[in-house]
Amino acid sequence: MAYKRNIDRLPIIPAGAKEHNVTCHYCIVGCGYTAYTWPLKTQGTTDRNWIGEDLSKQQATDTEAWYAPSMYNVVKQDGKDVHLVIKPDVNCDVNSGLGSIRGARMAENRRSDVTGTQRQRLTEPLVWRYGTWQPTSWDDALDLVARVTAKVIDKDNENDLYVSMFDHGGSAGGYENTWGTGKLYFESMKVKHCRIHNRPAYMSEVHSSRDMGVDELNYNYADYEVTDTIFLVGTNPMECQTNLFLNHMVKGMQNGARVVISDPRRTVTVDSCEQVAGAENVLHLPITTGSDVALHNTLFTYIADQGWADADFIAASTFQGDVAVAADSAYPAALGSYEAARAACKMSLAEGAAATGLTEAQIIQAAEWIAKPKDDGSRRKCVTGYEKGIIWGNDNYRAIGSLLNIGLATGNVGREGGGVCRLGGHQEGYYRPSDAHVGRPAPYIDQMIIAGGGKVHHIWANDHFKTTLNASEFKRVYNRRSNMVKEAMDARAGATREEMIDAIVGAINAGGLFVVDVDIIHSQIGQAAHVILPAVESGEMNLTSMNGERRLRLTEKYMDAPGSAKPDCMIAAGLAQALERVLREEGRTEYADQFKGYDWATEEDAFMDGYNKGNPEVTYDRLRAMGNNGVLEPVTGFADGKLTGTNRLYEDGVFTRHGREDGKALFCMGEWRGWQAAGKAQQQASHRFLINNGRANMNWQNWFLDQGNEFVMDRFPVPFIQINPDDMAELGLKAGDMVEVHNDVGATQALVYPEPSARPNETFMIFGAPNGAQGNIVNAGVNELILPNYKHTWANIRKISDATPASAAVSYKSWEVEL
């Protein structure tokens, strides 16, 4: 990486260098960047350069006229080596020139034959032959996939085809790729046995919010700057949405906003807020883990009892009556009116304090900061952000619904300085045909695979060996089933295509599983695959996505894909074309006709076939002209050469996400019921340590590119687990020791990281690591809609070894540093 390349001089970007709009593809914040490319053997000078500054003079501290080594690389463009610089855009409203530890390293994280970065990228299709993966052509690989798939599906019966798909934007999704995969599996077929990249079924993470009428991304980031109170629940934005915190939340605190943070851990966000706003203006609520519903219901009750609810808003914009939607298998709590929810959710301060471990005074203070009218009688503005702490926590449906109850009761949805929004992990870009045929609750795919379900599995840009629950058993069964097919293929080496298909189908019918993996690297689940198809990333294709405030933008292609890798939408099109051909050969003409309409030459064709048909004002050219500020969805028109969008949802007080004609928001009648998912209470009683988990700023998602990145791997060669020093002493552990974390479900390993702020017997482990998957020890318990509870698992800890040479060099300084 750049810091190890001994770079002491960087080329100056010349005047006339090509400029490309770029949205960082790592997290949902979507910071704006500009990519500059120019011929390899040229560069600018101190007096003639891209920015028109005299670079022979000392520049100001905040100058634009610089870039870091991490922002530089040499890549291929139109088959030729070119310089590449990707630097933050100071004119982007999202980040105002700030760069995160991920986004500011986008350039050095591009594949380069010159500098040697990211050489682990897949470049050609691979097929399992002769006991290993052999490179082959796209035609050969797709023909094999199509012929095997066609053997197990038929018109109106695709139940033996299982599919794992992304549903996001950023690096692997976007409107082009979600449409390509969605059209294939939901329009040409009606596949119902499918799952999403980070959960074991095909469902929303926020069913209750949508059922209540509220889209989960409803505000503008600027709302944080003008609010009175920022309420953060189960989220750590300084760590996970860094520039949203620094460029918007910090401004809000500087303008006088107070902060309430509900989180069992003292996180870097708590520390940073105290430094910015002053400790007296920050209230950390260290709740008993899993007690979110109890806290929200107690706050809701106290706010209502004090008369602080927004009566006018409730009367005009929410359902009047009793129950609008009864609880059943599809709705884990009834939905209805404010008064009905108030009665169902009623919790006294004493009850709330007992359930949450907080004091009554802490709950009262939180309620006052959230909802108590100001001295002049005006209503208090409160913007609420939540994330995986309750999404992947206890009783998802009721946890999110009870939080939204507070926002609706106080009129803080659709209002400047308000909003109740998830903060998100990655960008959005979902555009697919209806998935109603999947059903609700959706099938629990991972458990069905464990039970022997499915014959063919198509995987798109995800690796649930690392990012699923009950992962130990899932991996054991998955490897056994895929190996049955590999052994059958090995036994028929040298056979004709027809004979090989027969051998594969024979192994499938005996309980095997034929696996097709579409990805950018050779992933862990990809080790089980029989066909591997190389995809591209953002920047290697034109890709549209939206961020956490619905800001739609086009990231322009600025470099070539490695080898013959293709956009996911084009891979989906190629597979559809191959299926159509195979089905016609077999005389299944009517079924073959369903796979017409994929004659796309580029990703723009896929965009026009999908997103543009539903949003005809939006084209690549118009998005390109909007630059890195883009347009906030939904797009409402095009005038004076600009797309017009929607600054904030529900400003008219009409709520539509649930699809009800009355446009009235619904309240959630979800009383507190303790542990919801099966097995959690038993596991807690049987094991000492809570093993919480989440993201870290440096390691993103499932470490998909970090594994080949020295900058990251030198810092954390293996995933860390934060442990209270007193617990470490009792277990005989030192910083850097390797430990095994084990319970009744499985085991994993981690690097001991002392954390004085950690509560006794409560640990925190990084999520999704390739060499220490926390999912190995998460049991199979989910909510009624198959939402996984990743956050709550308990295990014991024992030492494996002293610090290895790699971990001996790791720094164990506290996360809490002065800003």
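Thresholds, definitions, all that
Residues numbered from 1 in each chain as written. Predicted model: local features only at pLDDT ≥ 70, side-chain atom pairs only at ≥ 80, totals over all residues. Heavy atoms only, no water. Helix = DSSP H or I, 4+ residues; strand = E, 2+ residues; numbered from the N terminus. Rg over C-alpha atoms; globule rule 2.2 N^0.38 Å. Buried < 20%, exposed > 50% of the residue type's maximum accessible area, 1.4 Å probe, protein only. Contact = heavy atoms within 4.5 Å. Areas by Shrake-Rupley, 256 points an atom, 1.4 Å probe, with all protein chains shown as cover. Lys, Arg positive; Asp, Glu negative; His and termini not counted. Charge placed at Lys NZ, Arg CZ, Asp CG, Glu CD. Pairing = 2+ DSSP bridges. Axes fitted to C-alpha atoms, helices over the stretch in contact; angles between N-to-C directions. Phe/Tyr/Trp six-rings, centres within 6.5 Å; stacked < 30°, edge-to-face > 60°. Lys NZ or Arg CZ within 6 Å of the ring centre and 35° of its normal. Parallel < 35°, antiparallel > 145°, perpendicular 65-115°, else oblique. Left-handed = near helix turned anticlockwise from the far one by under 90°. Nonpolar A, V, L, I, M, F, W, Y, C, P; charged D, E, K, R; others polar. Polar contact = N/O pair within 3.5 Å; in protein donor to acceptor, adjacent residues only side chain to side chain. 1 Å grid on protein atoms, 1.4 Å probe; cavity = no way out; pocket = protein on both sides within 12 Å on 5 of 7 lines; lining within 4 Å. Points joined across faces, edges and corners; volume = space filled by probe spheres on them. Domains from an automatic or database assignment. Disulfide = S-S within 2.5 Å. Buried area = accessible area lost by both parts, 1.4 Å probe. Salt bridge = Lys/Arg side-chain N within 4 Å of Asp/Glu carboxyl O.

1. A look at the overall build of the protein
Point 1. Per the secondary structure count, the protein includes 26 helices and 30 strands.
Point 2. For the protein, the C-alpha radius of gyration of 26 Å lies close to 28 Å, the compact-globule estimate for 819 residues.
Point 3. Judged by the C-alpha coordinates and their principal axes, the protein covers about 80 × 70 × 65 Å.
Point 4. Looking at the protein as a whole, 65% of its 819 residues qualify as buried.
Point 5. Relative to all contacts within the protein whose residues are 6 or more apart in sequence, the contacts with residues 24 or more apart total 77%.
Point 6. In the form shown here, the protein has an accessible surface area of approximately 27,700 Å², with 48% of it arising from carbon and sulfur atoms.
Point 7. A distance of 2 Å separates the average location of the 80 positive side-chain charges in the protein from that of its 103 negative side-chain charges.

2. A word on the sheet that holds strand S2 (residues 32–39)
Two pairing modes exist for strands in a sheet, parallel and antiparallel, and in both the strands are linked by backbone hydrogen bonds.
Point 1. Read across the open sheet, the four strands follow the order S1-S2-S4-S3; overall the sheet is antiparallel. Every other strand in the sheet has two partners, leaving strand S1 (18–23) and strand S3 (72–77) as the edge strands with one partner each. Put simply, the sheet's adjacent strands are angled 35° from each other on average, direction ignored.

3. A closer look at the packing of aromatic side chains
Point 1. Taken as a whole and judged by the stated rule, the model has 33 aromatic pairs.
Point 2. Counting every residue linked through ring pairs, the aromatic cluster contains Tyr175, Trp179, Tyr431, Phe607, Tyr611 and Tyr620.
Point 3. The ring of Tyr331 carries Arg440 above its face, with NZ or CZ at 4.5 Å from the centroid.
Point 4. For Arg622, the ring lying beneath its charged end belongs to Phe638, and the centroid distance is 3.6 Å.

4. So, the packing of helix H8 (residues 292–305) against helix H14 (residues 396–409)
Point 1. Interhelical geometry of H8 versus H14 gives an angle of 20° and a closest axis separation of 8 Å. Judged by the inter-axis angle, H8 sits roughly parallel to H14. H14 is crossed by H8, and the crossing has left-handed handedness. For the pair H8 and H14, the contacting residues are Val293, His296, Asn297, Leu299, Phe300 and Ile303 in the first and Arg398, Ala399, Ser402, Leu403, Asn405, Ile406 and Ala409 in the second.
Point 2. Looking at the contact of H8 with H14 residue by residue, the class counts come to eight nonpolar, four polar and one charged.

5. Describing the side chain of His20
Point 1. With respect to the secondary-structure elements, His20 resides in strand S1.
Point 2. Residues in contact with His20, not counting those within four places in the same chain, are Tyr33, Thr34, Ala35, Thr37, Gln77, Glu556, Lys557 and Tyr558.

6. Regarding the side chain of Arg422
Point 1. With respect to the helices and strands, the residue Arg422 is situated in strand S15 (residues 420–422).
Point 2. Polar contacts involving the side chain of Arg422 include one to the side chain of Glu205, which spans 2.4 Å.
Point 3. For Arg422, the side chain forms a polar contact with the side chain of Glu387, separated by 3.1 Å.
Point 4. Residue contacts for Arg422: discarding those within four places in its chain leaves Glu205, Val206, Glu216, Leu217, Tyr386, Glu387, Lys388, Ile391 and Glu428.

7. What about empty space enclosed by the protein?
Point 1. Within this structure, the stated rule accounts for three cavities of 30 Å³ or more.
Point 2. Taken as a whole, the second largest cavity spans an internal volume of roughly 230 Å³.
Point 3. Forming the walls of the second largest cavity are 22 residues, and the residues nearest its centre are Arg265, Arg266, Gln722, Glu755 and Phe764.
Point 4. At the level of secondary structure, the elements contributing two or more residues to the lining of the second largest cavity comprise strand S25 (689–694), strand S26 (720–723) and strand S29 (762–766).
Point 5. Per-element tally for the lining of the second largest cavity: the top contributor is S29, with three residues.
Point 6. Counted by class, the lining of the second largest cavity contains eight nonpolar, six polar and eight charged residues.
Point 7. Both of domain 3 (207–315 + 347–424) and domain 4 (680–809) provide at least three residues apiece to the lining of the second largest cavity.

8. Topic: the state of the cysteines
By definition, a disulfide links two cysteine residues through a covalent bond between their sulfur atoms.
Point 1. Tallied over the full model, the rule gives zero disulfides.
Point 2. The cysteine Cys27 is free of any disulfide, with Cys24 supplying the nearest cysteine sulfur at 6.2 Å.
Point 3. The closest cysteine sulfur to the non-disulfide-bonded Cys345 is located on Cys668, 6.2 Å from its own sulfur.

9. Some points on the domain arrangement of the protein
Point 1. Taken as a whole, the protein is organised into domain 1 (18–109), domain 2 (126–188 + 445–487 + 494–522 + 530–547 + 551–609), domain 3 (207–315 + 347–424) and domain 4 (680–809).
Point 2. Distance from the C-alpha centre of domain 3 to the C-alpha centre of domain 4: 28 Å.
Point 3. Taken together, the contact between domain 3 and domain 4 spans 21 residues of the former and 20 residues of the latter.
Point 4. Summed over both partners, the interface of domain 3 with domain 4 buries about 1,800 Å², with 54% contributed by carbon and sulfur atoms.
Point 5. Counting the surface domain 3 buries against domain 4, the share from its top three residues, Arg265, Thr289 and Trp392, is 35%.
Point 6. In this assembly, domain 3 and domain 4 are joined by 10 residue pairs in polar contact (both at pLDDT 80 or more).
Point 7. Every element with two or more residues in the side of domain 3 that touches domain 4 is listed here: helix H5 (237–240), helix H13 (388–391) and H14.

10. So, the pattern of salt bridges
Point 1. All chains considered together, the criterion is met by 61 salt bridges.
Point 2. For Arg648, the salt bridge is made with Asp223, and the minimal N-O distance between the two is 2.7 Å. On the criterion of sequence distance, the pair formed by Arg648 in the loop between strand S23 (642–644) and strand S24 (667–669) and Asp223 in helix H4 (residues 223–226) is long-range, its members being 425 residues apart.
Point 3. Of the residues examined, Arg648 reaches a relative accessible area of 8% and is grouped as buried.
Point 4. A relative accessible area of 1% means that Asp223 is categorised as buried.
Point 5. Between Arg398 and Glu671 there is a salt bridge, with its nearest N and O atoms 3.5 Å apart. Here Arg398, found in helix H14, pairs with Glu671, found in the loop between S24 and helix H23 (680–686); they are 273 residues apart in sequence, far enough to count as distant.
Point 6. Counted as one network, the salt bridges with shared partners bring together Arg129, Asp140, Asp143, Arg147, Arg497, Arg581 and Glu585.

11. Focus on the pairing of strand S14 (residues 382–386)
Point 1. The element S14 is largely enclosed, with a buried count of five among its five residues.
Point 2. Alternating residues of S14 divide into Cys382, Thr384 and Tyr386 and Val383 and Gly385, and every residue in both groups is buried.
Point 3. The sheet contact formed by strand S9 (residues 229–233) and S14 spans five bridges and is parallel. Paired with Thr229 across the two strands is Cys382, which belongs to S14.
Point 4. Of the strand pairs in this sheet, S14 and S15 are connected by three bridges, and their pairing is parallel. Note that in S15 the partner of Thr384 across the bridge is Val420.

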